[in-house]
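Spelled out from the first residue to the last, the chains are:
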Amino acid sequence: MRCLLALGLRERALACLDARLRADPADAGALASRAHVLASCGRTDAARADFERLVRCRPAQAPDWFNLGFVREACGQAEAAEAAFRRALAIDPGFDRAWYGLGLCLIRQRRWDDAAAALRRNVALQPMNPCGWYQLARVHVDRNDPEAARQIIGHLRQFEPQVAAQLESETGLSAS
């Protein structure tokens, strides 16, 4: 199956995964792989259904809930996506990508204070991740807190000057 995916033969890989699941419907690895392939093909509704089935099989796996959150969000199910990200974080509070995903989900819901809190947790866990800092600065701009955004731009300038310059250009703010 990996060879098929490496060659870009996703439909053939899906057929192989479907055969594995017919032989063993409880094969969580095949189900997870199928959900990922479906998501990469843009078939988010089918991927969501598989991830929902997967979390029923493996409810204590934070990565499964995390992935479910992203496909639910892609399906336009913001509240359900938020619930999935929060479930992942209940299982593993140190799951930095789940904090980031939750932050993005809350941004889309225009819940600036909650988004800022989630993104602060993300950057505390991954202080060198420019994506979390970038999104946090954007939230501060949306919250009408330009000074906090300027501080983040200054911080980013120390290790990601291109991202800092992008923020300056997009927001009209400068760290100096």
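Further up the page is the structure itself.
Please read these numbers as outputs of a predicted model, since none were measured by experiment. (Residues numbered from 1 in each chain as written. Predicted model: local features only at pLDDT ≥ 70, side-chain atom pairs only at ≥ 80, totals over all residues. Heavy atoms only, no water.)

S.K.: Can you walk me through unusual backbone geometry in this structure?
M.R.: Note on backbone geometry: most residues besides glycine have negative phi, and most peptide bonds are trans. You will see that arginine 110, though not glycine, has its phi angle at about 60°, which is positive. By the secondary structure assignment, arginine 110 is in the loop between α7 (96-108) and α8 (112-125). Positive phi values are uncommon outside glycine, yet asparagine 144 reaches one of about 60°. For asparagine 144, the location among the structural elements is in the loop between α9 (130-142) and α10 (146-159). Residue classification places asparagine 144 among the exposed positions, given a relative accessible area of 67%. (Helix = DSSP H or I, 4+ residues; strand = E, 2+ residues; numbered from the N terminus. Buried < 20%, exposed > 50% of the residue type's maximum accessible area, 1.4 Å probe, protein only.)

S.K.: Please clarify how α8 should be interpreted in this entry.
M.R.: Since the α-helix turns once every 3.6 residues, residues separated by three or four places project in the same direction. Given a rise of 1.5 Å per residue, 14 residues ought to cover 20 Å, and the 20 Å separating the end C-alpha atoms of α8 matches this to within 8%. Buried within α8 are the following residues: Trp112, Ala115, Ala116, Ala118, Leu119, Asn122 and Val123. On an axial view of α8, the arc spanned by its buried residues comes to 165°, and they lie on one face. More than 90 degrees from the buried face of α8, the exposed residues found are Asp113 and Ala124. Those residues of α8 that are buried are in contact with α7 and α9. (Expected span 1.5 Å × (residues − 1). Arc of directions from axis to C-beta. Contact = heavy atoms within 4.5 Å.)

S.K.: Before we go on, may I ask you to explain the side chain of arginine 48 in this structure?
M.R.: Considering the arrangement of structural elements, one finds arginine 48 in helix α4 (residues 44-57). If we ignore the near neighbours within four places in the chain, the residues touching arginine 48 are Leu68, Val71, Arg72, Cys75 and Gln77.

S.K.: Help me out: how do you make sense of the packing of aromatic side chains in this one?
M.R.: Centre-to-centre distance and the angle between the planes together describe a pair of aromatic rings. Tallied over the entire structure, the rule returns 4 aromatic pairs. Geometrically, the ring pair formed by phenylalanine 66 and phenylalanine 70 is edge-to-face, given 5.1 Å between the ring centres and 80° between the ring planes. A residue pair is termed a helical-turn pair when its members lie 3 or 4 positions apart in one helix, as phenylalanine 66 and phenylalanine 70 do in helix α5 (residues 62-74) at 4 residues. Given a relative accessible area of 8%, phenylalanine 66 falls into the buried group. An aromatic cluster is present here, built from Phe66, Phe70, Phe85 and Phe95 joined pairwise through their rings. (Phe/Tyr/Trp six-rings, centres within 6.5 Å; stacked < 30°, edge-to-face > 60°.)

S.K.: Whenever I open this one, the pattern of salt bridges confuses me. Can you help?
M.R.: Working definition: two side chains of opposite charge can pair if their charged atoms are close together. For the structure on display, the rule yields 14 salt bridges. Of the charged contacts in the structure, one is a salt bridge between aspartate 45 and arginine 48, with a shortest N-O distance of 3.8 Å. Here aspartate 45 pairs with arginine 48, and both are found in helix α4, just 3 residues apart, close to one helical turn. Its relative accessible area of 18% is what places arginine 48 among the buried residues. Across the pair arginine 157 and glutamate 168 runs a salt bridge whose closest N-O atoms are separated by 2.1 Å. Of the two residues, arginine 157 sits in helix α10 while glutamate 168 sits in helix α11 (residues 161-171), which places them 11 residues apart along the sequence. (Salt bridge = Lys/Arg side-chain N within 4 Å of Asp/Glu carboxyl O.)

S.K.: So what exactly am I meant to see when it comes to α11 here?
M.R.: Along α11, the residues classified as buried are Val163, Ala164 and Leu167. Angular distribution of buried residues about the axis of α11 spans 100°; they occupy a single face of the element. Turned more than 90 degrees away from the buried face of α11, the exposed residues are Gln162 and Ser169. On its buried face, α11 is in contact with α9 and α10.

S.K.: Which parts of the structure should I look at to understand the environment of alanine 78?
M.R.: With respect to the helices and strands, alanine 78 occurs in helix α6 (residues 78-91). Spatially, the C-alpha atoms of alanine 78 and alanine 19 are 33 Å apart, while their sequence positions differ by 59 residues. Apart from residues no more than four positions distant in its own chain, alanine 78 is found in contact with Cys105 and Gln109.

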